[in-house]
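# Tertiary structure, described
Now for the letters of each chain:
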Amino acid sequence: MPTRTSLVRWLALGFLGLCLGYAITTVLALTHFLTLAVLAAWLVLAWGFRWGATSHARPPVRVWPWCLLPLALWWLAIYVTDSYGRVDMGAILFHFQAGVAEHGGTGRILIAILHTLAGVLMLVAFTWLVRVDHRWRLLERILMLFLLAFNPLLFGFSRQGVAIVAEDGAWLDRRYIPPAIEASPESSPNLIILYLESIEGTYADASRFGDVYDDLDALGERGLVFKGVRQSENTGWTMAGMIASQCGAPLMPAGLIHDHQFEPLQHVLPGVNCLGDLLSAQGYRQLYMAGASLEFAGKGLFYKGHGFDKTLGRHQLEPRLDDPAYLNSWGLNDDSLLDIAVEEVSKLAQQPGPFTFVTLTLSGHPPYGYPAKSCLERQGEFDGVDILYSVKCSAWLARRFIEQLDSQGLLENTLVVVASDHLSMKNSAWLQLIEKSRENTLIMFGNGLPHKVVHREAATMDILPTLLEAMGFTIPSHRAGLGASLLSPAQTLVERHGLEDLNTRMLEERELQLRLWQKVRDKPSPKG
C-alpha cells in the first residue's frame with residue numbers, strides 16, 4: 001500500500017510539474033524544452049517540502065479546491081496563447097458574434113481535445129494534493145487570488161470594459177476623419193489588392209529567415225516598399241486587418257452595442273464608409289474573391305455591405321476546379337485561387353470603366369501553412385510543420401500571379417497593392433519572429449509610382465489614405481479614418497503618439513465603437 005501511495009503521489013506531482021512548466025514556457029514565450037527544467041525544480045521542491053506526504057500527516061479531507069475554476073480558466077488562456085501567440089479579446093468577441101461557420105482550422109480539434117484531457121487530469125491531480133496535504137489547503141486560497149488577478153482572459157475582459165468608465169472615451173473619435181474623395185484623377189486607375197495571409201514584412205530579414213521573402217523583394221523593386229507598418233490593437237486578424245486597411249479604422253467588436261448581441265451579425269461596420277463605398281461612388285466595378293468560405297467571420301457581409309458588386313468564396317469557386325478534391329481544410333489552394341484570379345481580372349479588364357479586384361491567399365496561415373502542389377514541385381517535399389516553407393511558397397505564388405497579369409497586359413493603368421493582412425499568429429518560427437520588432441508587408445507599384453523604400457512609423461489604418469493618394473485621388477488633409485497618407489507629410493498616429501499609447505487609447509475608446517456599428521452612414525456622393 002505505501003508503494004502504491006508513493007507512486008500516486010509522484011505521478012500527481014510530476015504531472016502538475018509538467019503543467020506548470022508548460023504554462024510558464026508558454027506565457028513567457030520560451031522554448032518548451034525548458035518545461036523539463038521547471039519540472040525538475042518542482043520535483044526538488046516537492047521532495048524537500050514533502051508535498052503530499054507531510055511528516056505530521058493528517059487524514060485526507062474530502063474538499064473541493066477553491067482554485068478549480070481559476071485553474072481551468074488559466075488552462076484555457078494558456079491554450080489560446082500557445083495556439084495564437086496571445087489572448088486577443090477583440091478577436092474572440094468579434095468571432096463570437098460574426099460566427100465561425102466553416103472554420104478551416106480543423107487540425108486544431110485533436111490538439112484541443114488533448115489539451116482538455118490534460119486540463120482535466122491537472123485538476124484531478126491538484127484536487128488530490130489539496131485533500132492529502134493540509135498546507136496546500138491553506139496555500140491554494142492565496143493561489144486562487146493570484147490566478148484570478150493575472151489571468152489573461154479575465155484581464156482581457158476587464159480591458160474591454162475600460163471604455164465604459166474611461167475618462168476620455170472619445171479620443172480616437174475626435175481624430176477620425178470620415179473617408180472621402182474631394183477630387184478624382186482624369187483617368188481613374190484600376191486597383192488590385194493582394195492580401196497575403198500572415199506574410200509579414202519581418203520575414204524579409206535574411207539573417208533570420210533566409211531567402212523565403214526574395215520573391216516579394218523582387219516585387220518591391222517595381223515600386224514603393226513601405227517599412228515600419230506596425231500592428232495596432234483590434235487589427236490583428238484577417239477581417240480586422242482588411243478593415244483597418246480599407247476603412248482606416250480598427251475592428252472594435254460590436255459587443256453590447258449590437259442590437260442583437262446573441263444573434264449573428266447582419267452588417268459589418270455599417271456606420272462608416274470604406275474603400276469599396278468610395279470607389280463604388282466613382283463608378284468602379286468591384287470583386288472580392290478568396291479560397292475560404294465567405295461565411296467565415298463575416299467576410300461576405302463586409303464586402304457586400306461596402307460597395308462590392310460580386311463576392312466569390314470557396315463554394316462559388318469549387319465547381320471551377322479541374323480536380324474537385326484538390327482542397328485544403330480552409331478551401332482552395334493558392335495556385336488554384338490565383339489561376340482563377342487571373343481569369344477574373346481579365347474579365348474585369350475587358351469591360352468599360354475602372355475596376356477593383358481584391359483577393360486573399362491561404363498558404364501562410366499558421367501554424368504550419370498550406371503550401372500548394374505547385375510549390376511542392378518547385379521546393380521539394382514539405383515536412384508538414386515548417387512555416388518558412390509555406391512563406392516561401394506564398395511569396396513565389398504572389399510573384400507568379402503578378403507576372404501572369406503583367407504578361408497579359410492586365411496591369412496597364414493599374415495600382416497594385418501587395419500586403420499582409422496582419423502579423424502572423426504563433427507558428428513554427430515564432431521564437432525567431434518575436435526576437436525583434438515586427439512589421440507588416442506593404443508594397444505598391446504601378447500608376448506612375450516611383451521606385452523607392454519609404455520608412456515611416458505607421459499602422460495598417462494608414463494604408464487606406466495612402467492607396468487613395470497613390471491612385472491619384474485627393475482626400476481631406478491627406479487623411480481618411482484614423483490613417484494618414486504615407487505619401488504625404490501628414491503625421492501618422494503612431495508617429496505622433498507612439499504605438500503603445502495608441503493601443504491604450506483603443507482599449508479606452510467608446511465613441512468610435514458606436515460610430516462603427518450604428519447605422520448612420522451617409523453614402524458617398526456619386527462621381528459627378
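Look up a bit, the structure's there.
Residues numbered from 1 in each chain as written. Predicted model: local features only at pLDDT ≥ 70, side-chain atom pairs only at ≥ 80, totals over all residues. Heavy atoms only, no water.

### Some points on the side chain of R137
Worth spelling out the cut-off: Helix and strand definitions here come from DSSP, where helices need a minimum of 4 consecutive H or I residues and strands a minimum of 2 consecutive E residues; each element is numbered from the N-terminal end. Here the term buried applies to any residue with accessible area under 20% of the maximum for its type, exposed to any over 50%, and partly exposed to those in between, with areas from a 1.4 Å probe on protein chains only. Charge counting treats Lys and Arg as positive and Asp and Glu as negative, with His and both chain ends excluded. By salt bridge we mean one thing: a side-chain nitrogen of Lys or Arg within 4 Å of a carboxyl oxygen of Asp or Glu. Throughout this description, a polar contact denotes any pair of N or O atoms lying within 3.5 Å of each other; where both atoms belong to protein, one of them has to be capable of donating a hydrogen while the other can accept it, and for residues adjacent in sequence the pair is counted only when both atoms sit in side chains.
Position of R137 relative to the elements: it lies in helix α6 (residues 134–149). Buried charge R137 goes without a salt bridge, the closest partner of opposite sign being D133 at 6.9 Å. A distance of 3.1 Å separates a polar side-chain atom of R137 from the backbone oxygen of V130. Only 3.0 Å separates the side chain of R137 from the backbone oxygen of R131, close enough to count as a polar contact.

### Quick notes on the packing of helix α16 (residues 334–349) against helix α18 (residues 387–407)
Formally: Inter-axis angles, ranging from 0 to 180 degrees, are taken between N-to-C directions of lines fitted to C-alpha atoms, where helices are fitted over the stretch in contact. In these notes the angle categories are as follows: under 35 degrees is roughly parallel, over 145 is roughly antiparallel, 65 to 115 is roughly perpendicular, and the rest is oblique. Crossing handedness: left-handed means the near helix sits turned counterclockwise from the far one by under a right angle, and right-handed means the same turn made clockwise. The criterion used for residue contact is that any of the two residues' heavy atoms lie within 4.5 Å. When residue character is reported, Ala, Val, Leu, Ile, Met, Phe, Trp, Tyr, Cys and Pro are called nonpolar, Asp, Glu, Lys and Arg charged, and the others, Gly included, polar.
At a closest axis distance of 10 Å, the pairing of α16 and α18 adopts a crossing angle of 20°. The angle between α16 and α18 falls in the class roughly parallel. Relative to α18, α16 is oriented so that their crossing is right-handed. Here α16 contributes D334, D335, L338, D339, A341, V342 and V345 to the contact with α18, which in turn contributes L397, A398, R400, F401, Q404 and L405. For the contact of α16 with α18, a count of residues per class yields eight nonpolar, one polar and four charged.

### Some points on helix α3 (residues 68–84)
For an α-helix the count is 3.6 residues per turn, leaving residues at separations of three or four pointing the same way. As a reminder, the rule being used: The span you would expect from a helix comes to 1.5 Å times its residue count less one.
Compared with an ideal rise of 1.5 Å per residue, which puts 17 residues at 24 Å, α3 spans 24 Å between its outermost C-alpha atoms and is within 8% of the ideal. Of all the positions in α3, only P70, L71, W74, W75, A77, I78, Y79, V80, T81 and S83 are classed as buried. Following α3 by one or two positions, G85 adopts a phi angle in the positive range, close to 100°.

### Overview of the pattern of salt bridges
Taken as a whole, this structure holds 20 salt bridges when the rule is applied. In this structure, R320 and E344 form a salt bridge, with 2.6 Å as the shortest nitrogen-oxygen distance. With R320 in the loop between α15 (314–317) and α16 and E344 in helix α16, this residue pair connects regions lying 24 residues apart in the sequence. E344 gets classed as buried once you look at its relative accessible area, which sits at 3%. The shortest N-O distance in the salt bridge between E344 and K347 comes to 3.6 Å. Note that E344 and K347 are positioned in helix α16 at a spacing of three residues, about one turn of the helix.

### Describing the nonpolar core
Nonpolar side chains in soluble globular proteins generally cluster together in the buried interior. Quick reminder of the rule: In these notes, a set of buried Ala, Val, Leu, Ile, Met, Phe, Trp, Tyr and Cys residues joined through side-chain atoms within 4.5 Å is what counts as a nonpolar core.
By size, the foremost hydrophobic cluster in this structure holds 74 residues, and its most contacted members are M239, M444 and L467. No other element matches the six residues that helix α12 (residues 238–247) contributes to this core. If we ignore the near neighbours within four places in the chain, the residues touching M239 are F94, L251, V268, A297, G298, K299 and F302. Core analysis: the next-biggest nonpolar cluster, separate from the first, contains 49 residues, I199, Y213, L312 and L411 among them.

### What about the sheet that holds strand β2 (residues 224–230)?
Short version of the rule: When DSSP finds two or more bridges between two strands, those strands count as paired.
Ordered in space as β4-β3-β5-β1-β6-β7-β2-β8, the eight strands form an open sheet in which the pairing is mixed. Among the strands making up the open sheet, the edge pair consists of β4 (310–312) and β8 (452–459). Each strand axis lies, on average, 15° off the axis of its neighbour in the sheet, ignoring direction. Pairing between strand β1 (residues 190–196) and strand β6 (residues 414–420): seven bridges, direction parallel. Looking at β6, one finds that Y195 is bridged to A419. Contacts from α12 reach β1, β3 (285–290) and β5 (355–360) within the one sheet, and its direction differs from that of β1 by about 150°. Helix α20 (residues 463–470) contacts β1, β2, β6, β7 (442–445) and β8 of the sheet and is inclined by roughly 10° relative to β7.

### Quick look at the packing of aromatic side chains
Convention followed: Only Phe, Tyr and Trp rings are paired, with Trp represented by its six-membered ring, and only when their centres lie within 6.5 Å; those with planes under 30 degrees apart are stacked, over 60 edge-to-face, the remainder tilted. Two conditions define a charge sitting above a ring: the NZ of Lys or the CZ of Arg must be within 6 Å of the ring centre, and it must be within 35 degrees of the ring normal.
Counted by the stated rule, this structure contains 13 aromatic pairs. Where Y203 meets F209, the ring centres are 5.1 Å apart and the plane angle is 70°; that geometry is what we call edge-to-face. You'll find Y203 and F209 in the same group, each marked buried. The rings of W42, F49, W51, F126 and W136 are connected pair by pair, giving a single aromatic cluster. Its guanidinium or amino end placed over the ring of W171, R175 lies 3.9 Å from that ring's centre, counting from NZ or CZ.

### A closer look at the state of the cysteines
We apply this condition: The disulfide definition used here is simple: a pair of cysteine sulfur atoms within 2.5 Å.
If you walk through the whole model with that rule in mind, you get two disulfides. Here C247 connects covalently by a disulfide to C274, the sulfurs 2.0 Å from one another. Here the disulfide of C247 and C274 is right-handed, its torsion about the S-S bond being about 100°. Here C274 lies in the loop between α12 and α13 (275–281) and C247 lies in helix α12, a separation of 27 residues in the sequence. Residue classification places C274 among the buried positions, given a relative accessible area of 0%. Here C375 engages in a disulfide with C393; their sulfurs sit 2.0 Å apart. One disulfide, between C375 and C393, carries an S-S torsion of 80° and so falls in the right-handed class. In this pair, C375 sits in helix α17 (residues 373–379) while C393 sits in helix α18, placing the two residues 18 residues apart along the sequence. A relative accessible area of 0% places C375 in the buried class. By sequence order of its bonded cysteines, the chain has the disulfide arrangement 1-2, 3-4.

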